[in-house]
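# Chains, contacts and geometry: an overview
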Amino acid sequence: MTLRRSDDPLDTYLLRVFCLLVTERSVSRTALRMNQSQPAISASLKRLREILGDPLLVRDKGGMVPTERALTLFSHAKSALAEIERMTGAPESFDPHVSRQDFRIGAPDYLAPVFVASVAERFRREAPQARLTLHSLGPDFDFERSLAEGTLDLVIGNWPEPPERMHLSMLLEDEIVCLVAATHPLARKGMTKEDYHRAAHVVPLPYSLSQRGVIDSVLASMRIARDERVVVQSFTAAPYLLQNTDLVFTTTRHFARFYADLLPLTILPSPIDFPPMRFYQLWHDRNHHSPGHRWIRRLLSDCGRHIGARPGSPAARTADNLEDGEK
């Protein structure tokens, strides 16, 4: 029997459109992700509905939501795409200079801006035709599932106890300091533990519901309760709120230095004995041996070493010998 086109209607392009529609729950965002027009994605959605015999996405007061059948088919579609990539890819080689691969990294917004800038500069220089997507992590974002399903390639984190199911390598270490306005009463004389306890603090919302951050963990172990007067959605907003106030922001030195060079702020040594903040990259076993994935892991490690690792530190050792440092 001759196989006609109509006998095999669900091609790779439609599978990708389907997976992104279920993930993004938006025709316009799917169009942006695929560098397609909205009418083209709408036409693909119409075709998918005809093939699968289901609306797939329906309107709700909060936007569009996938149907039960769409959610059931989603994991199968992701698996099918992964198998196709394995079959059609070239695992024996990877050339970043000609690659058009899309690398997707999840990261908190309190990463040192100098590190992110270093990654972007190096990425553009070595892989000028590839694409880098930085996805902001939040408390409602299931990063483990995203790594397992391939929505993200890597996640950068600093949880005291990273998930054991993931591979891990160290990126950089950073000292924890206090950032205050240049006009703050403590800016000249320094800060004691008593000053820290009495101070009004600006704190960001947690970006993980399941993991307590390093700073909160240490303070909890010392039974120190900060006077959290201002709570912000984003770490990057906090430095701007310090100006002409008596607020204190506890953060990493590289992050603080970037904003102290921009704004009238002063960096103070922390009176609390915090351990170094350690940032690492996490990835799923599905990508462990991918040449392109190994390249981006090496790039991140090199950038971390150059801006944050002290000689002999775990980050320096990992960056110098990534293979030995991977878990």
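### Some thoughts on unusual backbone geometry
Phi angles above zero are rare outside glycine, and Leu56 is one such case at about 70°. Secondary-structure assignment places Leu56 in the loop between helix H3 (38-52) and strand E1 (57-60). Judged by its relative accessible area of 2%, Leu56 falls in the buried class. For Arg223, which is not glycine, the phi dihedral falls at a positive 55°. Position of Arg223 relative to the elements: it lies in the loop between helix H9 (214-221) and strand E9 (227-232). Take Arg223: its relative accessible area is 79%, and that puts it in the exposed class.

### Topic: the confidence of the model for the protein
Looking at the protein, the pLDDT average stands at 86 and 87% of residues meet or exceed 70. For the stretch residues 1-6, pLDDT sits under 50, and the model shows two contacts to residues farther than four places along the chain or on other chains. With pLDDT under 50 throughout, residues 309-324 is counted as low confidence; its partners more than four residues away or in other chains account for 29 contacts.

### Let's talk about the nonpolar core
Counting residues in each nonpolar core, the largest one holds 57 residues, and the members touching the most others are Phe115, Leu179, Met191, Phe249, Phe274 and Ile296. The element contributing the most residues to this core is helix H12 (residues 291-308), with six residues. Among the nonpolar cores identified, the runner-up in size contains 23 residues, and Leu15, Val27, Leu48 and Leu52 belong to it.

### Focus on the packing of helix H2 (residues 27-34) against H3
H3 packs onto H2 with a crossing angle of 110° between their chain directions and a minimal axis gap of 9 Å. Judged by the angle between their axes, H2 and H3 are roughly perpendicular. Of the two possible hands of crossing, H2 and H3 adopt the one that is right-handed. Two secondary-structure elements touch here, H2 through Val27, Ser28, Thr30, Ala31 and Met34 and H3 through Gln38, Ile41, Ser42 and Leu45. Among the residues forming the contact of H2 with H3, the class breakdown is five nonpolar, four polar and no charged.

### A closer look at the pattern of salt bridges
This structure, assessed with the given rule, holds 17 salt bridges. With a closest N to O distance of 2.8 Å, Glu175 and Arg253 form a salt bridge. Of this pair, Glu175 sits in the loop between strand E6 (167-174) and strand E7 (176-181) while Arg253 sits in helix H11 (residues 253-260), and the two are 78 residues apart along the sequence. Three or more residues are tied together by salt bridges with common partners; here these are Arg122, Glu126, Asp302 and Arg305.

### As for helix H1 (residues 12-24)
Taking 1.5 Å of rise per residue, 13 residues should cover 18 Å, and H1 covers 18 Å from first to last C-alpha, within 8% of that figure. Those residues of H1 lying buried are Leu14, Leu15, Val17, Phe18, Cys19, Leu20, Leu21, Val22 and Glu24. Two residues or fewer after H1 comes Arg25, characterised by a positive phi angle close to 55°.

### Quick notes on the sheet that holds strand E3 (residues 102-107)
One open sheet holds the five strands; their spatial order is E4-E3-E5-E12-E6, and the pairing between them is mixed. Of all the strands in the sheet, just strand E4 (131-136) and E6 have a single pairing partner and so form its edges. Looking at each pair of strands side by side, their axes are set apart by 20° on average, direction ignored. Relative to strand E5 (residues 154-157), E3 is paired through two bridges, and the arrangement is parallel. Within the sheet, the bridge partner assigned to Gly106 lies in E5 and is Val155.

### Some thoughts on the environment of Arg253
Looking at Arg253, the relative accessible area reads 31%, which means it is partly exposed. It is 5.8 Å that separates the C-alpha atoms of Arg253 and Val177, two residues lying 76 residues apart in sequence. Apart from the residues within four sequence positions on either side, Arg253 is in contact with Asp174, Glu175, Val177 and Ile267.

### A closer look at the packing of aromatic side chains
Evaluated as defined, the whole model comprises 12 aromatic pairs. For the ring pair Phe103 and Trp295, a centre distance of 5.5 Å and an interplane angle of 50° mean the geometry is tilted. Here the residue Phe103 occupies a position in strand E3, and Trp295 occupies one in helix H12, the gap between them amounting to 192 residues. You can call Phe103 buried: its relative accessible area is 1%. Look at Trp295 and you get buried, because its relative accessible area is 12%. Ring plane angle 70° and centroid distance 6.3 Å describe the contact between Phe249 and Phe255, whose orientation is recorded as edge-to-face. In terms of burial, Phe249 and Phe255 fall into one category: buried. Taken together through their ring pairs, the aromatic side chains of Tyr110, Phe235, Tyr240, Phe249, Phe255, Phe258, Tyr259 and Phe279 make up a single cluster.

Rules used in this analysis
- Residues numbered from 1 in each chain as written.
- Predicted model: local features only at pLDDT ≥ 70, side-chain atom pairs only at ≥ 80, totals over all residues.
- Heavy atoms only, no water.
- Helix = DSSP H or I, 4+ residues; strand = E, 2+ residues; numbered from the N terminus.
- Buried < 20%, exposed > 50% of the residue type's maximum accessible area, 1.4 Å probe, protein only.
- pLDDT = per-residue confidence, 0-100.
- Contact = heavy atoms within 4.5 Å.
- Core = buried A, V, L, I, M, F, W, Y, C linked by side-chain atoms within 4.5 Å.
- Axes fitted to C-alpha atoms, helices over the stretch in contact; angles between N-to-C directions.
- Parallel < 35°, antiparallel > 145°, perpendicular 65-115°, else oblique.
- Left-handed = near helix turned anticlockwise from the far one by under 90°.
- Nonpolar A, V, L, I, M, F, W, Y, C, P; charged D, E, K, R; others polar.
- Salt bridge = Lys/Arg side-chain N within 4 Å of Asp/Glu carboxyl O.
- Expected span 1.5 Å × (residues − 1).
- Pairing = 2+ DSSP bridges.
- Phe/Tyr/Trp six-rings, centres within 6.5 Å; stacked < 30°, edge-to-face > 60°.

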